[in-house]
Amino acid sequence: MFRKMFHLPLYPFLLAAHFPLFVLTRNLTLPGLDVAVRPILVIMAGTLLAMVLLWLLLRDLHRAALWAALGLALVCYFKLAAPVFDQLIGLVAEPLSHRYLLAGLIVLAIPVLLFARPGPDATRIANLVMLTMLVFPVTTLLGRESRADDAGARAAAERQRQALFGGAASTGTPPNIVHVVLDGYGREDVLADLYGFDNRPFLDQLAALGFQIADRATTPYNQTLLVMNSVLSAGYLEDLQPAEPPADLRQTLQEALRHNPVMTTLRGFGYQTAAFDVRYDPVRMEQVDRLLAPHLLSNFEMILLEETLIADAVRVIDLNEPSLDPAMFGQPYEADLTPPFFLYVHALAPHPPFDLDRHGTKIAPAGGSVGLNDGSHFIRDEPTRRRFYRDGYVDKLMFTNDVVLAYVTRLLERMPEPKLIIIHGDHGGGLYFDHDSVERSCLIERFSPLLAVYASDGRLELPPDLNLANLYRLVFNAYFGTDLELLPSRSVFAGWEEPARQTVLTPEQLRRSCPAGPEVLDEVSAAQPR
């Protein structure tokens, strides 16, 4: 039976399955294999529809399969293959514009479509080739899945929770907590020195509302997933295994974050937990009691869309969504939560992509679409792209300031008492940050985040030099009867390619002078409010 089936043109469907699986193997920040199921089914359904229509047109099933496969390859694989074509062409000439390259490939495909008459033998060969190609991503992903240990992550989180918060108890009326993470939001002094931007008016407005500002705050790590694990476990990550493959390590950290000790302990005290959906899977808190404003398309489906030529059409007709949805802060979702509640808000701002101007208008990012690429992955050692980064970062930060101020003003007016509002960056910006090099990075930029806290009953006092790893030690000491010592401040550089390979930074390294934004880049007038 299998032999008879292999005479049928299955290779377009195998190609349809290969695309999502291949993209999934290339991305180190995505969760398990289950995220690929729906896109595979959708692409296969589209392929089937195309083949039926082409068969009705051509009256030849094997030609219909060839046409469908070539169209699918062009739409889904062109962007993935373009860098390879660039390298090959670069051996003999200047690389072509990708528009010309695409046009050339279409021209080459036309004679194949018009004159090729594949038969059963060609179909069997194509089936075998595609089946062989499919084996590689499937094997990689199954190996990753087999090494994933969700139960182990839960058990480890529970042991950590008991060791740290085992003595915690709900004393008095527990505070309603809103925890806002502004991804990549740097400290005031760094913004002034490197970006030429004065953020004091924003901080003054927060202070006037009763917020305490930690103007010498530091972050424990340089990557979001590591930082948030540290923050929500109230400690440093001591047990990372260097031998563990980076993708497996990130998946382990994602599971640990979803079962973090802070939220688990609060839930045990009767808290309702809630979080906004976010376009970054490592910090997507899908385990909460209420996931607010869930996206129609998953993060992986958006990544897949971005890899296809369809994404360019979506941008042309302006259907793509902004990286910071004003509704996240504008809609009063907190009014529907049951006190006491813990609301986690993770906003991709002012982190790239820089697709919003300072007024919140959606724009085409300067330098083209880069997804969530930051630091050296965005700048690529190009001075022009560094200017794009500086200007885009400041514009997005200014809009972020506006929506955050409006948000906290509403929270202060409407949230039930007592209330605790935490606002911080997970790390600083990436204007002078190299993901894999301590020496090539401006360390003070990356390790100096915004940190502001509002405690309506005044029970929490914020040290000006707090490391984010100690944040919830302060909270639990103030509200839940613990007596946890604050850990010595520590900042650790983790490489992107190998996050378990880490360097504990010295105070001298953190104080090392960095390029001054106004001296290295253009005049900073464009970065000032106007």
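Residues numbered from 1 in each chain as written. Predicted model: local features only at pLDDT ≥ 70, side-chain atom pairs only at ≥ 80, totals over all residues. Heavy atoms only, no water.

Peer 1: Could you clarify how one ought to interpret the sheet that holds strand β4 (residues 290-292) in this entry?
Peer 2: Strands belonging to one sheet form pairs held by backbone hydrogen bonds; the direction of such a pair is parallel or antiparallel. Strand order in this open sheet of seven strands is β2-β7-β6-β1-β5-β3-β4, and the pairing throughout is mixed. With partners counted over all chains shown, the strands left at the sheet margins are β2 (212-213) and β4, one partner each. The pairing of strand β1 (residues 176-182) with strand β6 (residues 419-424) spans six bridges and is parallel. Its bridge partner being in β6, V180 is matched across the sheet by I423. In the packing of helix α17 (residues 383-414) onto the sheet, the strands contacted are β1, β5 (341-347), β6 and β7 (451-455), and the crossing angle to β6 comes to about 170 degrees. On top of the sheet, helix α19 (residues 471-479) reaches β1, β5, β6 and β7; it is set at about 170 degrees to β6, its chief contact. (Pairing = 2+ DSSP bridges. Helix = DSSP H or I, 4+ residues; strand = E, 2+ residues; numbered from the N terminus. Contact = heavy atoms within 4.5 Å. Axes fitted to C-alpha atoms, helices over the stretch in contact; angles between N-to-C directions.)

Peer 1: Help me understand the pattern of salt bridges in this model?
Peer 2: Tallied over the entire structure, the rule returns 21 salt bridges. In this structure, the salt-bridge partner of D391 is R390, at a minimum N-O distance of 2.5 Å. By relative accessible area, D391 is classed as partly exposed at 26%. Across the pair D457 and R459 runs a salt bridge whose closest N-O atoms are separated by 3.6 Å. Residue class for D457 comes out partly exposed when judged on its relative accessible area of 32%. Judged by its relative accessible area of 37%, R459 falls in the partly exposed class. What you see here is one network of salt bridges that share partners, running through R258, D277, R284 and E286. (Salt bridge = Lys/Arg side-chain N within 4 Å of Asp/Glu carboxyl O. Buried < 20%, exposed > 50% of the residue type's maximum accessible area, 1.4 Å probe, protein only.)

Peer 1: Please explain the packing of helix α4 (residues 61-90) against helix α5 (residues 98-115) as it appears in this structure.
Peer 2: Each pair of packed helices gets described by two things: the angle between the helix axes and the distance between those axes. Contact geometry for α4 and α5: axes closest at 10 Å, N-to-C directions at 145 degrees. Both α4 and α5 take part in a crossing whose hand is right-handed. Packed against α4, whose contacting residues are R63, L66, W67, L70, L74, F78, A82, F85, D86 and I89, the element α5 presents H98, L101, L102, L105, I106, V112, L113 and L114 at the interface. (Left-handed = near helix turned anticlockwise from the far one by under 90°.)

Peer 1: Sorry if this is basic, but what is going on with the nonpolar core here?
Peer 2: Where a protein is soluble and globular, its nonpolar side chains tend to be buried together. In this structure, M228, L232, Y344, L420, L451, L460 and Y472 are the most contacted members of the largest nonpolar core, which totals 56 residues. Considering each element in turn, this core owes the most residues, seven residues, to α19. Contacts of L420, omitting those with residues within four sequence positions, involve P175, N176, I177, V178, V453, Y454, A455, L460, V475 and Y479. Core analysis: the next-biggest nonpolar cluster, separate from the first, contains 51 residues, Y185, F202, V404 and I421 among them. (Core = buried A, V, L, I, M, F, W, Y, C linked by side-chain atoms within 4.5 Å.)

Peer 1: Explain the state of the cysteines here, please?
Peer 2: One pass over the full model with this rule turns up one disulfide. There is a disulfide in this structure between C442 and C514, and the S-S distance comes to 2.2 Å. Given an S-S torsion of about 95 degrees, the disulfide between C442 and C514 has right-handed geometry. Placement of C442 in the loop between β6 and α18 (443-446) and of C514 in the loop between α20 (507-510) and α21 (517-520) is noted, with a sequence separation of 72 residues between them. Overall, the relative accessible area of 2% leaves C442 in the buried class. In this structure C514 comes out as partly exposed when scored by relative accessible area, which is 25%. (Disulfide = S-S within 2.5 Å.)

Peer 1: I would appreciate a short explanation of a nonpolar patch on the surface in the present structure.
Peer 2: Taken together, L8, L48, L49, V52, L53, W55, L56 and L61 make up a surface patch of nonpolar side chains, about 720 Å² in accessible area. Sort the elements by how many residues they give to the nonpolar patch and helix α3 (residues 37-58) lands first, with six residues. Topologically, W55 is positioned in helix α3. By relative accessible area, which is 36% here, W55 ends up partly exposed. (Patch = residues over 30% accessible without salt bridge, like charges linked within 9 Å, V, L, I, M, F, W, Y side chains within 5 Å. Areas by Shrake-Rupley, 256 points an atom, 1.4 Å probe, with all protein chains shown as cover.)

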